[in-house]
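# A closer look at the structure
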Amino acid sequence: MDFPQVAQGRIMTPEEAQIFGMGAMFEERQAAPAVRVARPRIDVALLSAGGQWGAFTAGFMTAWSANTVSPRPEAFEVVTGVSTGALLAPLVFDGPGSDATLAAVYDGIREGDILRRRPTLELLAAPSLWDPMPLSGLVDGQLTPAFLDRIAAGAATRSLLVGTVNVRTGGFEAFDITAAAKEVGPNRMPCVREALMASAAIPLAFPPRRINGDYYVDGAARQGLFLRGLAETSALPTIYVFLNNPAQFQVEEPAYSLPSLTGRTTTILSDELLRSSAIEAVQFARDQGWPVRGMFAPNITPGPDCKTKDGQKLSFCESFTKTLFAEGQKAATGQINWLGADAMLEELRGG
């Protein structure tokens, strides 16, 4: 049986985005044609892939809400997210009112909160290495009617998008969560949930999600973060880039085993996709003359407790995510040391 369809989910090619994308939404903020006023300013948040490193951004957001020196925008007009960034995106879009949920979920999140490792015999007939039911339950608990109402309330002037990859076409697609939350009926919550779960469905690790007759997986298989649809806007966006990834790729000696070597190779590929996506987005924003404020997760290493009994790395380690959450709070306290476009590009290209 198919999963519920994602209402108003739409594919946005680069050409389509420039003509019909979010830019048109902000034209309504302009004065009457006879009177041209200053370009309206909007705030855009790009939340990247990065697995457990998302705990850093979660901590950052909770402390940023209380920062009077470098205040958090009252609201982001546009939020895009991929993978762990997609799971963060609705809470960031909702604003400081969801900070308590960010803390409850990400401050010390463990592997068991996200997945169940399948035993060997179960793998013979399973569609993935891990069972994502714990994550699905976690997402369901957040998508209350009141929460979805708040997301839907912004649909007229704001946009919340999560990135996925269509397995059949191989193309990157962005689902409009604001539009889905606006739908009426019993499928509203399942629609939003499936889009979020699809964006976080790491290939092979998690099973793909069936939406509108097609299977979808983690958007990071194509783009680690994305900025789309603003090329034709008359607004002046400030682009906030949250990279759930250290600026420098971490050196690590893998064990000579299939799980360890596979995991290390996957990490290298994911890092390269994220960097290339971030370079594309930051360079595009810089070329448009838009201010860029970027933030990398800190370059810290999980402790020895972040491994299973047989030596495999935990995908989410409680001590590590607690450290990341605290580091995020620290980074968002007082005068925030944002990186501009040039500094971000230098870091992304390896200094």
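Residues numbered from 1 in each chain as written. Predicted model: local features only at pLDDT ≥ 70, side-chain atom pairs only at ≥ 80, totals over all residues. Heavy atoms only, no water.

## Some words on the state of the cysteines
By the definition in use, this model includes 1 disulfide. One disulfide bridge connects Cys-306 with Cys-317, the sulfur atoms lying 2.0 Å from each other. Its S-S torsion of about -70 degrees marks the bond between Cys-306 and Cys-317 as left-handed, since a negative value means left-handed. Highlighted residues: Cys-306 in the loop between strand 10 (292-297) and helix 12 (318-331) and Cys-317 in the loop between strand 10 and helix 12, separated in sequence by 11 residues. In this pair, the class of Cys-306 matches that of Cys-317, namely buried. (Disulfide = S-S within 2.5 Å. Helix = DSSP H or I, 4+ residues; strand = E, 2+ residues; numbered from the N terminus. Buried < 20%, exposed > 50% of the residue type's maximum accessible area, 1.4 Å probe, protein only.)

## What to know about the nonpolar core
Counting 62 residues, the largest nonpolar core has Trp-64, Tyr-106 and Phe-242 as its most contacted members. Among residues more than four places away in sequence, those in contact with Tyr-106 are Gly-54, Ala-55, Ala-58, Thr-84, Leu-87, Leu-88, Thr-321 and Phe-325. Of all hydrophobic cores here, the second largest spans 25 residues; its members include Leu-236, Val-282, Val-292 and Leu-345. (Core = buried A, V, L, I, M, F, W, Y, C linked by side-chain atoms within 4.5 Å. Contact = heavy atoms within 4.5 Å.)

## Some points on helix 7 (residues 133-142)
Among the residues making up helix 7, those that are buried are Leu-135, Ser-136, Val-139 and Gln-142. Projected onto a plane normal to the axis of helix 7, the buried residues spread over an arc of 120 degrees and lie on a single side. In helix 7, the exposed positions angled more than 90 degrees off the buried face are occupied by Met-133 and Gly-141. Among the structural elements, helix 3 (84-94), helix 4 (99-106), helix 5 (111-114), helix 8 (145-153) and helix 10 (188-199) are those in contact with the buried residues of helix 7. (Arc of directions from axis to C-beta.)

## Observations concerning empty space enclosed by the protein
Under the criterion given, the structure shown has 1 cavity of 30 Å³ or more. In this structure, the largest cavity encloses a volume near 30 Å³. Taken together, Pro-132, Leu-135, Met-197, Ala-200, Ala-201, Phe-206, Pro-207 and Arg-209 form the lining of the largest cavity. Of the residues in the lining of the largest cavity, the class split is 7 nonpolar, no polar and 1 charged. (1 Å grid on protein atoms, 1.4 Å probe; cavity = no way out; pocket = protein on both sides within 12 Å on 5 of 7 lines; lining within 4 Å. Points joined across faces, edges and corners; volume = space filled by probe spheres on them. Nonpolar A, V, L, I, M, F, W, Y, C, P; charged D, E, K, R; others polar.)

## Re the packing of aromatic side chains
All chains considered together, the criterion is met by 16 aromatic pairs. Consider the rings of Trp-64 and Phe-242, whose centres lie 6.1 Å apart with planes at 55 degrees: the pair is tilted. With Trp-64 in helix 2 (residues 54-64) and Phe-242 in strand 9 (residues 236-246), this pair connects stretches of sequence that are 178 residues apart. Note on accessibility: Trp-64 and Phe-242 belong to one class, buried. With a centroid separation of 5.7 Å and an interplanar angle of 75 degrees, the aromatic rings of Phe-76 and Tyr-240 are classed as edge-to-face. Taken together, the residues Phe-76 in the loop between helix 2 and strand 2 (78-82) and Tyr-240 in strand 9 connect sequence positions 164 residues apart. Take Phe-76: its relative accessible area is 2%, and that puts it in the buried class. Accessibility expressed as a relative area gives 3% for Tyr-240, which makes it buried. What links up through ring pairs into an aromatic cluster is the set Phe-56, Phe-60, Trp-64, Phe-76, Tyr-240, Phe-242 and Trp-338. Just above the ring of Tyr-215 sits the side chain of Arg-210; from NZ or CZ to the centre is 4.9 Å. (Phe/Tyr/Trp six-rings, centres within 6.5 Å; stacked < 30°, edge-to-face > 60°. Lys NZ or Arg CZ within 6 Å of the ring centre and 35° of its normal.)

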